[in-house]
Amino acid sequence: MTNDFTIIVPVYNEQDCLPQLFVQLKEYISRASKRTKVLLVDDGSTDSSPVMIKEFCCQNDGFGYLLFERNFGKGAALKAAFDHTDTAFLGYLDADLQTYPEDFEKLLPYLGEYDLVTGWRKERKDTLVKRISSKVGNGVRNLFTKDYMHDTGCPLKVMKTEYAVNIPMFKGLQRFLPAMVLLQHGKIKEVVIPHYPRLAGQSKYNFRNRFMGPLIDCFAYVWMKKSYINYKVAEKNE
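A few points on the structure. Computed from a prediction, not measured in an experiment: that's the story for all the values here.

1. Digging into the overall build of the chain
Move 1: Counting secondary structure elements, the chain contains 8 helices and 7 strands.
Move 2: Burial statistics for the chain: of 238 residues in total, 53% are counted as buried.
Move 3: A fraction of 82% describes how many contacts in the chain between residues 6 or more apart in sequence connect residues 24 or more apart.
Move 4: Summing over all exposed atoms, the chain offers an accessible surface of approximately 12,100 Å²; the carbon and sulfur share of this is 54%.

2. Quick notes on the packing of aromatic side chains
Move 1: Taken as a whole and assessed by the stated rule, the structure comprises 6 aromatic pairs.
Move 2: Measuring from centroid to centroid gives 4.8 Å for Phe56 and Phe63, while their planes differ by 85 degrees, and the two rings are edge-to-face. For the pair formed by Phe56 and Phe63, the shared burial category is buried.
Move 3: Seen from their ring centres, Phe68 and Phe72 are 5.4 Å apart, and the 85 degrees between their planes marks the pair as edge-to-face.
Move 4: Classification of Phe68 by relative accessible area gives buried; the value is 19%.
Move 5: Phe72 sits in the partly exposed class, given a relative accessible area of 39%.

3. Focus on the sheet that holds strand S1 (residues 5-11)
Sheet strands line up and pair through hydrogen bonds in the backbone, either parallel or antiparallel.
Move 1: Pairing is mixed in the open sheet, where 7 strands are placed in the order S3-S2-S1-S4-S6-S5-S7. Where the open sheet ends on each side, the last strands, each with one partner, are strand S3 (63-67) and strand S7 (188-192). Neighbouring strand axes in the sheet, compared pairwise and without regard to direction, differ in orientation by 20 degrees on average.
Move 2: Where strand S5 (residues 116-120) lies against strand S6 (residues 156-160), 3 bridges are found, and the strand directions are antiparallel. Bridge assignment links Leu116 to a residue of S6, and that residue is Met159.
Move 3: The strands touched by helix H2 (residues 49-59) are S1, strand S2 (36-42) and S3; relative to S3, the strand with the most contacts, the crossing angle is about 150 degrees.

4. Some details on unusual backbone geometry
Move 1: With phi around 50 degrees, Asn13 is a residue other than glycine that occupies positive phi space.
Move 2: For Asn13, the position within the fold is in the loop between S1 and helix H1 (18-29).
Move 3: Unlike most non-glycine residues, Leu97 shows phi in positive territory, near 60 degrees.
Move 4: The topology assignment puts Leu97 in the loop between strand S4 (89-93) and helix H4 (104-107).
Move 5: What makes Leu97 buried here is its relative accessible area of 0%.

What counts and what doesn't
Residues numbered from 1 in each chain as written. Predicted model: local features only at pLDDT ≥ 70, side-chain atom pairs only at ≥ 80, totals over all residues. Heavy atoms only, no water. Helix = DSSP H or I, 4+ residues; strand = E, 2+ residues; numbered from the N terminus. Buried < 20%, exposed > 50% of the residue type's maximum accessible area, 1.4 Å probe, protein only. Contact = heavy atoms within 4.5 Å. Areas by Shrake-Rupley, 256 points an atom, 1.4 Å probe, with all protein chains shown as cover. Phe/Tyr/Trp six-rings, centres within 6.5 Å; stacked < 30°, edge-to-face > 60°. Pairing = 2+ DSSP bridges. Axes fitted to C-alpha atoms, helices over the stretch in contact; angles between N-to-C directions.

Below, the structure is given as structure tokens:
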């Protein structure tokens, strides 16, 4: 029986979160509305994450992994997963469980009409500094991308794989997924989802990489938007 949906989970030094993540993912795929598998991408972790991922995936059907040789960043982890996905639909979830796998069910029903559906963490469970820096970062991105998402960086998204594989790899890729689908003339939608406090481990983000990094990435996006080639073959004979 083939799968319809792949959940992508980038991981970087999340050994404290992984046991609960594994439990929630296993429970979700057993009752998901689509036949679902999971692809964990370790982004060069220096803790026990790679060993834990390998052991779990070897013992559980429906779970696979990619292990990077060193840390390349979340954008690279997502792009690698896009390129290794063989299902019609894919989703993206962070390993820190501030969003839950079960909330994919709030997004998946819209994938018929829309090509990307992203969560909107309307009630954030973050520190004040984190909420402010994210709000400022979203505002800046909206000025450049015109995707008008409230929460473009939300780590819970679903999309059609045909759109994902046409997104070029670049640093900060995860912040521009809605905008990159729009460049392909796709349709996007935002859906309110719950947000939960981090269970364990430490956030990898601060004001610098939530604001300054995205600001620099926006200029790269503007260049890419002008240079992006989007084509569709009308007919072929092979």
